[in-house]
Structures are given as C-alpha cells and as structure tokens.
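One-letter residues, chain by chain:
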Amino acid sequence: EDKVVQSPLSLVVHEGDTVTLNCSYEVTNFRSLLWYKQEKKAPTFLFMLTSSGIEKKSGRLSSILDKKELFSILNITATQTGDSAVYLCAVETLPLTTSGTYKYIFGTGTRLKVLA
Amino acid sequence: DAGITQSPRHKVTETGTPVTLRCHQTENHRYMYWYRQDPGHGLRLIHYSYGVKDTDKGEVSDGYSVSRSKTEDFLLTLESATSSQTSVYFCAISGGYRSPLHFGNGTRLTVT
C-alpha cells in the first residue's frame, strides 16, 4: 500500500529559529514529490521535486529530495510567525491499475507554530 | 490563484438527506479530484476524474458518487448523508504529469 509519512507531527519554535520537516514515502511508480502550506483554508503549493539532490529554493524555504532513500526535507530558516501553518507532503504516483490517471497521496502533515 | 470555485462554502444537513457539492474550474484542466480532510487522517482521496464522463474511485469512496458532464464541473454527491461524512471537502485540479495539484477553498459539511 502506498504511504507518505511526515515527521514530526507538530513543532513549536521561536522566531528566528531554523526548522527541518521530514517526509518519507513508499509508493509504486513515483513521479514527483510536492510540498504544500495550509493555513486556515486550502493547501497552497510550495515546491515540486522530481530529481534527487537538486535543491528547490524560495526565499527562506528550501527543499531537497533523495530518491534512493525515499525521503524529502523542507527547511525554513529565520522563521517568522507567518510561517505558522500545517505543512503537507504529497507524492504523485501513477498506479499500475488505472486508466492513466496520476494520483496524489498525502501525509498527515506537520503542524508548525512559531512564537514571537 | 488557480480558478477553482467550490460551492457551497458551508452546509449543515441532516442524516439521511442527499447532498451535492460542486466544483467549477476555469483552467481547462483534464484531471479533477475530490478529497476530504479530517483531523488525524490528512487529505484522503474520494473520487477523481480523468475526463468528461471518466471517473474512478479513490481510497474512501463508499457513500459517495461523482459526475462530470463538462470539463469545468465535477460534482460530488452524498447519496444519504451520515455523521461520519462530516468533514471539510476539497476539490483539486491538475494539468497532468508532474503538474502540481491546486485546491479550491473547501466546503465545510456538517451532518447532524
């Protein structure tokens, strides 16, 4: 069974700290790994990773994928209170038994709280 | 923001009544998905569509049906709502291979 596991489940830090969020996966026919940020409403897209070892970066956020060890990390440096959210990891797969539709399997998320 | 509109935004209904949630997109994307989000379970796939009139089941499809008569619209129906279907429902769309999934703002459904 395909699965995506995120750790830690929750995290409380102070402004200015650096945090690392983890995502490991076991899926058939891996296509890509995606990170999302969810505040009070819908998840918003952060990164898509397809190749091992290539860092994606956007401001204070960065992410990298290891396809050999089947995991990804999301780093947030110099955290701010606005970074408080649930961070979701998802894996895009192409199951063998479908008509060719890509599926996205989500982890349960890491809840990050940044204190002022 | 991806052009995805869900309606209604909130709904309270009674056990045993049918409920239909609507997702409308303006991106002309082929793939559309319905997820439900519950504490401790994350986002779980209910049904998805890979084209007009082409749909399939996800991991938690029992008690739900879907229809897609036009590219832009994907409907989720709870045939006879139960309290276990109280949840936040998200519609999402994708352009296909290695394309990010983009979400609507969700529908909060409460079944009393």
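Since the structure is predicted, the reported quantities are computational estimates derived from the model, not experimental observations.

**Student:** Give a detailed account of the overall build of chain A, specifying residues and quantitative values.
**Tutor:** Tallying secondary structure elements over chain A gives 0 helices and 11 strands in all. Against the globule reference of 13 Å for 116 residues, chain A gives a C-alpha radius of gyration of 14 Å, in line with a compact fold. Overall size of chain A, expressed as C-alpha extent along the three principal axes, is 50 × 30 × 20 Å. Taken across its 116 residues, chain A has 47% of its residues classed as buried. In chain A, of all internal contacts separated by at least 6 residues, the share reaching a separation of at least 24 is 56%. Only carbon and sulfur atoms are counted for the fraction: they give 51% of the accessible area of chain A, which is about 5700 Å². Taken together, the 13 basic and 11 acidic charged side chains of chain A have centroids lying 5 Å from each other.

**Student:** Explain the environment of B:L45 to me, using residue names and the numbers behind them.
**Tutor:** Its place among the elements puts B:L45 in strand β5 (residues 42-51). Spatially, the C-alpha atom of B:L45 lies 12 Å from that of B:V88, the residues being 43 residues apart in sequence. Contacts of B:L45, omitting those with residues within four sequence positions, involve A:K103, B:Y33, B:W34, B:Y35, B:G58, B:E59 and B:V60.

**Student:** Outline the interface of chain A and chain B, supporting the account with residue identities and numerical values.
**Tutor:** Contacts between the two partners involve 23 residues from chain A, matched on the other side by 25 residues from chain B. Summing the contributions of chain A and of chain B, the shared interface buries around 1900 Å²; its carbon and sulfur component is 60%. In terms of surface lost to chain B, no three residues of chain A exceed A:T101, A:Y104 and A:F106, which account for 27% of the buried area on that side. For the pair chain A and chain B, the interface holds 0 salt bridges. Counting every contact that joins chain A to chain B gives 5 residue pairs in polar contact (both at pLDDT 80 or more). Counting residues per element, the ones that place at least two in the side of chain A that touches chain B are β4 (30-38), β5 (44-49), β9 (85-93) and β10 (103-106) of chain A. Element by element, the count of residues in the side of chain A that touches chain B is highest for β4(A), at 5 residues.

**Student:** Can you explain the packing of aromatic side chains? Please cite residues and give values.
**Tutor:** In the structure shown here, the tally under the stated rule is 13 aromatic pairs over all chains. Between A:Y36 and A:F45, the aromatic rings sit 5.9 Å apart at their centres with planes inclined by 65°, giving edge-to-face as the arrangement. Judged by relative accessible area, A:Y36 falls into the buried class, the value being 0%. Note on A:F106 and B:F103: the rings are 5.9 Å apart at their centroids and 65° apart in plane angle, and the pair reads as edge-to-face. Highlighted residues: A:F106 in strand β10 and B:F103 in strand β10 (residues 102-103), drawn from two different chains. Of the two residues, A:F106 and B:F103, both sit in the buried class. Connected via pairs of aromatic rings, a cluster forms that spans A:Y36, A:F45, A:Y104, A:F106, B:Y33, B:Y35, B:Y48, B:F90 and B:F103.

**Student:** Talk me through the pattern of salt bridges; I want residue IDs and the actual numbers.
**Tutor:** All names here are of chain B. Counted by the stated rule, this structure contains 6 salt bridges over all chains. Here D73 makes a salt bridge to K70, at a shortest N to O gap of 3.4 Å. We classify K70 as partly exposed; its relative accessible area is 41%. Sharing partners across several salt bridges, the network here consists of R22, K70 and D73.

**Student:** Tell me about the layout of surface pockets, residues and numbers included.
**Tutor:** Here the largest pocket is characterised by a volume of approximately 680 Å³. Every residue lining the largest pocket is counted, 27 residues in all, and those nearest its centre are A:Q38, A:E39, A:V86, A:R111 and B:Q37. For the lining of the largest pocket, the secondary-structure elements that each account for two or more residues are β9 and β11 (110-115) of chain A together with β4 (31-38), β9 (87-94) and β11 (107-111) of chain B. When residues in the lining of the largest pocket are grouped by element, the largest group, 3 residues, is from β11(A). Split into classes, the residues belonging to the lining of the largest pocket amount to 7 nonpolar, 13 polar and 7 charged. In this structure, the second largest pocket spans a volume of roughly 490 Å³. Taken together, 23 residues line the second largest pocket, and the ones lying closest to its centre are A:E1, A:D2, A:K3, A:I105 and B:E59. Of all the secondary structure elements, the ones that give two or more residues to the lining of the second largest pocket are β1 (3-7) and β10 of chain A together with β5 of chain B. The element contributing the most residues to the lining of the second largest pocket is β10(A), with 4 residues.

Rules used in this analysis
Residues numbered from 1 in each chain as written. Chains lettered and ligands numbered in written order. Predicted model: local features only at pLDDT ≥ 70, side-chain atom pairs only at ≥ 80, totals over all residues. Heavy atoms only, no water. Helix = DSSP H or I, 4+ residues; strand = E, 2+ residues; numbered from the N terminus. Rg over C-alpha atoms; globule rule 2.2 N^0.38 Å. Buried < 20%, exposed > 50% of the residue type's maximum accessible area, 1.4 Å probe, protein only. Contact = heavy atoms within 4.5 Å. Areas by Shrake-Rupley, 256 points an atom, 1.4 Å probe, with all protein chains shown as cover. Lys, Arg positive; Asp, Glu negative; His and termini not counted. Charge placed at Lys NZ, Arg CZ, Asp CG, Glu CD. Buried area = accessible area lost by both parts, 1.4 Å probe. Salt bridge = Lys/Arg side-chain N within 4 Å of Asp/Glu carboxyl O. Polar contact = N/O pair within 3.5 Å; in protein donor to acceptor, adjacent residues only side chain to side chain. Phe/Tyr/Trp six-rings, centres within 6.5 Å; stacked < 30°, edge-to-face > 60°. 1 Å grid on protein atoms, 1.4 Å probe; cavity = no way out; pocket = protein on both sides within 12 Å on 5 of 7 lines; lining within 4 Å. Points joined across faces, edges and corners; volume = space filled by probe spheres on them. Nonpolar A, V, L, I, M, F, W, Y, C, P; charged D, E, K, R; others polar.

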